[in-house]
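Notes for the structure review
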Amino acid sequence: MNSSNKYTKHFLILSVLLIVFLFLNISLGSVSIPFKDIFKSLTGGIASKDSWQTIIVNFRLPKAITAIMVGSGLSICGLLMQTLFRNPLAGPFVLGISSGASLGVALLILGSSVFGGAFLLAGFSNWALAIAASIGAFLVLSAVIIAANRVRNTMSILIIGLMFGSLTSAVISVLAYFSEAEQIQQYMFWSFGSLGNLTWTELSVFAIIYIIGILSTFAVIKPLNSFLLGENYAKSLGINIKKSRNIILLITSLLTGVITAFSGPIAFVGLAIPHIAKMLFSTSNHKILIPATALIGAIVLLICDSIAQLPTSEFTLPINAITSLFGAPVVIWLLIRKKKIYV
Amino acid sequence: MVINKKKENLRLILSKSEKHIVLKTENLSIGYQTKKQQTIIASSINLSVEKGKFIALLGKNGIGKSTLLRTLSKVQKPLEGSIKINQKELSTYTNQELSTSLSLVLTERLPLSQLTVFELIALGRQPYTNWIDKLSPNDLKKILWAIEETEITHLKDKRFYELSDGQLQRVLIARALAQDTEIIILDEPTAHLDIHHTFKVFSLLKKLVEKTGKTIIISTHEINLAIQLADEFILLTEKEIHSGTSKELINQNAFEKLFPKELISFNKTLEQFIIKKN
């Protein structure tokens with residue numbers, strides 16, 4: 001696992017792509033701003049119009065940063081889950097974490113009409129949504145981890161996660177049934193996902209948790225690589241299975257939880273990007289795969305977000321639809337072409 | 001003959017001095033423990049395994065060979081009794097400590113990944129690498145040595161799923177070698193192999209024991225081959241457990257007890273099981 005040099009070219013190209021799509025993402029939007037001003041504004045200068053400066057600094061830049069964090073974070077979570085469960089179908093949402101977040105938000109929005117008007121305000125701030133989603137994600141996660149420590153088989157955890165997922169969806173359905181159209185609509189909008197609307201304060205909270213999560217993944221590279229041989233071999237190589245498993249679950253839930261809290265449940269990315277990375281880099285070494293997956297995830301979400309804005313239009317399509325609409329065919333095509341799918 | 005005699009004497013001397021016993025069990029019971037009941041598979045197992053021996057664990061299907069190997073390698077807890085590896089109680093070993101004394105070759109299929117043969121063998125160095133799994137020059141040296149000893153240099157850059165069963169088995173043995181442990185335990189290493197590759201694996205293991213002084217314990221159904229190549233045997237039968245060299249065990253008529261007598265019997269002069277003719 002020492003031949004990382006041959007991947008230098010890959011990483012260089014991906015980094016350039018990331019910067020290109022970052023600029024492209026920021027330069028697209030309902031107001032067209034000359035590229036020169038965008039460049040100036042991003043490199044510390046001031047755009048030639050005040051409104052342009054505000055749009056770039058307070059709207060487009062936070063949105064682009066969110067896209068990068070959401071894309072890379074979810075993709076890494078997907079990779080961790082696929083290796084931990086040695087199942088190519090695993091993604092960040094298999095543990096029921098996003099369902100937990102959804103339940104939190106559903107209780108906040110839909111519950112307000114079911115349980116009386118205590119929360120009935122005109123709308124809910126991002127903070128309220130984020131906190132509700134985090135609590136929901138955390139509760140479901142705790143339940144999954146408690147259950148996980150009682151079963152020896154990792155595959156059972158996968159199923160337990162899926163069960164928690166369907167349980168929470170059922171509760172949401174019941175809540176929705178008794179809710180009013182307005183609340184259901186509001187919940188639907190949250191579930192469409194959104195990368196925008198984050199203030200710099202919210203963004204900084206997001207970023208701190210994101211960075212903690214990403215940095216922790218480096219500590220589990222070794223157990224992840226040993227998991228490629230299965231749990232018994234990993235154990236015989238001196239890996240503390242339970243501890244590594246809990247750290248991996250914790251990282252995933254922290255990242256998925258915070259991402260879902262701030263941007264809604266975003267589909268496809270976590271499952272598909274790791275496979276794209278595995279195909280492009282054709283390696284299973286996590287020392288390479290983790291940064292590769294993060295880079296590709298960030299680029300893909302920037303592209304999806306650029307498409308969602310429908311250049312020169314007033315509308316913004318739901319990001320959740322775009323990721324699946326453009327991502328799923330890509331993955332299907334890749335699979336048909338390569339025919340083999342790896343853990 | 002003279003050399004053999006010398007070896008024999010040496011063995012006697014070695015067996016007298018305790019420190020060359022790498023693995024010792026006392027009054028060991030193996031099986032499964034659930035909340036409600038205990039399923040004992042075998043009990044009062046007293047083994048002592050010397051350094052540098054090629055040991056074959058024999059017994060019919062379902063008699064508990066895998067359970068014994070799993071218990072000896074700390075995958076599974078013993079029900080009773082003690083297991084000592086290098087005079088230290090197995091239960092007091094951490095995974096990390098044990099990984100430098102004992103390595104495994106298992107029968108389970110590897111998850112489908114894109115690991116190359118080299119990477120797979122390099123994973124054997126994990127007990128010695130730093131937190132980010134960087135290979136030192138010494139690690140590389142051990143890996144290349146393991147690859148050379150198992151004669152798989154030409155497969156080094158292939159992906160492991162491209163290999164035949166026989167090739168993969170040698171790669172897994174190389175991985176265990178790279179782990180550089182005193183004891184290597186292999187669970188049915190020749191399970192899916194043809195007679196040629198079965199012999200190849202057996203003679204490779206024999207060579208490794210002689211050359212490196214490692215202790216290799218295998219479970220196998222290739223009794224006729226094992227009798228020719230292994231130094232000592234552990235026989236699991238319904239009633240008792242026998243251990244010793246093939247000569248000792250033949251004299252005790254122990255091989256006879258391995259299987260029901262209707263179909264096959266052990267021929268002492270041929271030192272083989274033969275089919276009963278009616």
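An unreviewed UniProt entry annotates chain A as Iron ABC transporter permease originating from Tenacibaculum pelagium. You can read under Sequence similarities (unreviewed entry) in the UniProt record for chain A the words "Belongs to the binding-protein-dependent transport system permease family. FecCD subfamily." Comment text from UniProt for chain A, heading Subcellular location (unreviewed entry), reads "Cell membrane".

Let's talk about the overall build of chain B
Helix and strand counts for chain B stand at 9 helices and 12 strands. Compactness check: chain B gives a C-alpha radius of gyration of 19 Å against a globular reference of 19 Å for 278 residues, within 12% of the reference. The principal-axis extents of the C-alpha atoms in chain B amount to approximately 55 × 45 × 45 Å. The burial tally for chain B puts 50% of its 278 residues in the buried class. Contacts in chain B between residues at least 24 apart in sequence constitute 65% of all its contacts with a sequence separation of at least 6. Per element, the accessible surface of chain B, about 14100 Å² overall, is 52% carbon and sulfur. Between the mean site of the 40 positive side-chain charges and the mean site of the 32 negative ones, chain B shows a separation of 2 Å.

Things to note about the side chain of Lys-278 of chain A
Structurally, Lys-278 of chain A is set in helix α12 (residues 269-281). Buried charge Lys-278 of chain A goes without a salt bridge, the closest partner of opposite sign being Glu-119 of chain B at 13 Å. There is a polar contact of 2.7 Å between the side chain of Lys-278 of chain A and the side chain of Gln-82 of chain A. Every residue in contact with Lys-278 of chain A, bar those within four places of it in the chain, is listed here: Leu-79, Gln-82, Thr-283, Leu-289, Tyr-342 and Val-343 of chain A together with Gln-114 of chain B.

Things to note about empty space enclosed by the protein
Tallied over the full model, the rule gives 4 cavities of 30 Å³ or more. The computed volume of the largest cavity comes to approximately 100 Å³. If you trace the largest cavity, you find it lined by Asn-232, Lys-235 and Ser-236 of chain A together with Ser-73, Lys-74, Val-75, Asn-95, Leu-98, Ser-99, Leu-102 and Leu-104 of chain B. For the lining of the largest cavity, the secondary structure elements donating two or more residues are α10 (231-236) of chain A together with α3 (95-98) and β6 (102-105) of chain B. Among the elements that make up the lining of the largest cavity, the one with the highest residue count is α10 of chain A (3 residues). Looking at the lining of the largest cavity residue by residue, the classes come out as 4 nonpolar, 5 polar and 2 charged.

Concerning the packing of aromatic side chains
A complete count under the given rule lists 15 aromatic pairs over all chains for this structure. Between the aromatic rings of Phe-189 of chain A and Phe-192 of chain A, the centroid separation amounts to 5.7 Å while the plane-to-plane angle is 85°, which identifies the pairing as edge-to-face. With Phe-189 of chain A and Phe-192 of chain A both in helix α7 (residues 181-192) and 3 residues apart, this pair spans about one turn of that helix. Here the aromatic residues Phe-233, Phe-255, Phe-259, Phe-266 and Phe-273 of chain B are joined through ring pairs into a cluster of three or more.

Description of the interface of chain A and chain B
Tallying the contact residues gives 31 residues for chain A and 38 residues for chain B. Contact between chain A and chain B buries roughly 3000 Å² in total, counting both sides, with carbon and sulfur atoms accounting for 56%. On inspection of chain A and its partner chain B, the count reaches 15 residue pairs in polar contact (both at pLDDT 80 or more). Listing elements by their share of the side of chain A that touches chain B, those giving two or more residues are α9 (221-227) and α10 of chain A. Its residues assigned to classes, the side of chain A that touches chain B shows 13 nonpolar, 12 polar and 6 charged.

Quick notes on the pattern of salt bridges
A full pass over the atoms with the stated rule returns 13 salt bridges over all chains. In this structure, Lys-63 of chain A engages Asp-305 of chain A in a salt bridge whose closest nitrogen and oxygen atoms are separated by 2.8 Å. Of the two residues, Lys-63 of chain A is situated in helix α3 (residues 50-85) and Asp-305 of chain A in helix α13 (residues 286-308); the sequence distance between them amounts to 242 residues. For Lys-63 of chain A, a relative accessible area of 15% corresponds to the buried category. Here Lys-60 of chain B makes a salt bridge to Glu-238 of chain B, at a shortest N to O gap of 2.7 Å. Residue Lys-60 of chain B is found in the loop between β3 (54-58) and α2 (65-72), and its partner Glu-238 of chain B is found in the loop between β9 (232-236) and β10 (241-244); the two are separated by 178 residues along the sequence. Three or more residues joined by partner-sharing salt bridges are found here, namely Lys-142, Asp-180 and Lys-214 of chain B.

Structural notes on α13 of chain A
Residue and element names in this part refer to chain A. Between its terminal C-alpha atoms α13 stretches 31 Å, which fits the 33 Å expected from 23 residues at 1.5 Å a residue. The buried fraction of α13 amounts to 19 of the 23 residues, a majority that puts the element mostly inside the structure. The backbone nitrogen of Lys-287 lies 3.0 Å from a side-chain oxygen of the residue at the head of α13, namely Asn-285.

Some thoughts on helix α1 (residues 8-27) of chain A
Residue and element names in this part refer to chain A. When the terminal C-alpha atoms of α1 are compared, their 29 Å separation across 20 residues agrees well with the 28 Å that a helix rising 1.5 Å per residue should span. Where α1 is concerned, the buried positions are Phe-11, Leu-14, Leu-18, Phe-21, Phe-23, Asn-25, Ile-26 and Ser-27. Packed against the buried residues of α1 are α2 (35-42), α3, α12 and α13.

Considerations on the UniProt feature "transmembrane region" (unreviewed entry) in chain A
Residue and element names in this part refer to chain A. Per the UniProt annotation, the sites labelled "transmembrane region" (unreviewed entry) are residues 64-81, 93-121, 127-148, 155-178, 198-221, 247-276, 288-308 and 315-336. As annotated, residues 127-148 comprises 100% helix and 0% strand, and the C-alpha atoms at either end are separated by 31 Å. The span residues 155-178 is 96% helix and 0% strand, and its two end C-alpha atoms sit 36 Å from each other.

Notes on the packing of α1 of chain A against α2 of chain A
All names here are of chain A. The contact between α1 and α2 brings their axes to 10 Å, and the two run at 115°. One way to sum up the angle between α1 and α2 is to call them roughly perpendicular. Every pair of crossing elements has a handedness; the one defined by α1 and α2 is right-handed. Between α1, through Phe-23, Ile-26 and Ser-27, and α2, the contact on the second element is made entirely by Phe-35, Ile-38, Phe-39 and Leu-42. The class makeup of the residues in the contact of α1 with α2 is 6 nonpolar, 1 polar and no charged.

Examining the environment of Thr-217 of chain A
Residues and elements named next belong to chain A. With respect to the element layout, Thr-217 can be found in helix α8 (residues 200-217). Assessed through its relative accessible area of 0%, Thr-217 is described here as buried. Put simply, Thr-217 and Ile-146 are 71 residues apart on the chain and 22 Å apart in space, counted from C-alpha to C-alpha. Sequence-distant contacts of Thr-217, defined by excluding residues within four places in its chain, comprise Ile-76, Leu-80, Ile-251 and Ile-290.

Parameters and conventions
Residues numbered from 1 in each chain as written. Chains lettered and ligands numbered in written order. Predicted model: local features only at pLDDT ≥ 70, side-chain atom pairs only at ≥ 80, totals over all residues. Heavy atoms only, no water. UniProt positions renumbered as here; feature names shortened; annotations may be inferred. Helix = DSSP H or I, 4+ residues; strand = E, 2+ residues; numbered from the N terminus. Rg over C-alpha atoms; globule rule 2.2 N^0.38 Å. Buried < 20%, exposed > 50% of the residue type's maximum accessible area, 1.4 Å probe, protein only. Contact = heavy atoms within 4.5 Å. Areas by Shrake-Rupley, 256 points an atom, 1.4 Å probe, with all protein chains shown as cover. Lys, Arg positive; Asp, Glu negative; His and termini not counted. Charge placed at Lys NZ, Arg CZ, Asp CG, Glu CD. Salt bridge = Lys/Arg side-chain N within 4 Å of Asp/Glu carboxyl O. Polar contact = N/O pair within 3.5 Å; in protein donor to acceptor, adjacent residues only side chain to side chain. 1 Å grid on protein atoms, 1.4 Å probe; cavity = no way out; pocket = protein on both sides within 12 Å on 5 of 7 lines; lining within 4 Å. Points joined across faces, edges and corners; volume = space filled by probe spheres on them. Nonpolar A, V, L, I, M, F, W, Y, C, P; charged D, E, K, R; others polar. Phe/Tyr/Trp six-rings, centres within 6.5 Å; stacked < 30°, edge-to-face > 60°. Buried area = accessible area lost by both parts, 1.4 Å probe. Expected span 1.5 Å × (residues − 1). Axes fitted to C-alpha atoms, helices over the stretch in contact; angles between N-to-C directions. Parallel < 35°, antiparallel > 145°, perpendicular 65-115°, else oblique. Left-handed = near helix turned anticlockwise from the far one by under 90°.

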